[in-house]
Amino acid sequence: MIFKVLYQEDISESPVREETKSMYIEAESKREVRKKLADRNYNIEHVQELSEEHLAYEQQSENI
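Residues numbered from 1 in each chain as written. Predicted model: local features only at pLDDT ≥ 70, side-chain atom pairs only at ≥ 80, totals over all residues. Heavy atoms only, no water.

Asks: Can you tell me about the overall build of the protein, naming the residues and giving the values?
Replies: Counting its regular elements, the protein contains 2 helices and 3 strands. Along the protein, helices (α) and strands (β) appear in the sequence β-β-α-β-α when read from the amino end. Each principal axis of the C-alpha distribution contributes one length, and for the protein these read about 35 × 30 × 15 Å. Of all intrachain contacts in the protein linking residues separated by at least 6 positions in sequence, the fraction that spans at least 24 positions is 56%. Accessible surface computed for the protein: about 4,900 Å², of which carbon and sulfur atoms make up 43%. (Helix = DSSP H or I, 4+ residues; strand = E, 2+ residues; numbered from the N terminus. Contact = heavy atoms within 4.5 Å. Areas by Shrake-Rupley, 256 points an atom, 1.4 Å probe, with all protein chains shown as cover.)

Right, here's the structure in full:
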């Protein structure tokens, strides 16, 4: 499964919409995503599982 992760680069930063970054991670569960990112100093705001259709839409939107 592919998950979209919304995060701040520094755990000490307050979540601000304009500073939020996103990445895509392949994992079996949300817990595994968080485990994979545990060694980074990220403030993870949200982890969202993407359906195939949603992922295709996200990939298309990047190219516009």
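There is more to say, and it comes next.
Asks: Describe the pattern of salt bridges, naming the residues involved and giving the relevant values.
Replies: This model, assessed by the stated rule, comprises 2 salt bridges. Notably, a salt bridge pairs glutamate 58 with lysine 4, separated by 3.2 Å at the nearest N-O pair. With glutamate 58 in helix α2 (residues 52–62) and lysine 4 in strand β1 (residues 2–8), the pair connects residues that are 54 residues apart, well separated along the chain. The class of glutamate 58 is buried, set by a relative accessible area of 14%. The shortest N-O distance in the salt bridge between lysine 36 and glutamate 32 comes to 3.8 Å. Here glutamate 32 and lysine 36 lie together in helix α1 (residues 30–36), a separation of 4 residues that amounts to about one turn. (Salt bridge = Lys/Arg side-chain N within 4 Å of Asp/Glu carboxyl O. Buried < 20%, exposed > 50% of the residue type's maximum accessible area, 1.4 Å probe, protein only.)

By themselves, these are just geometric observations and shouldn't be taken as functional.
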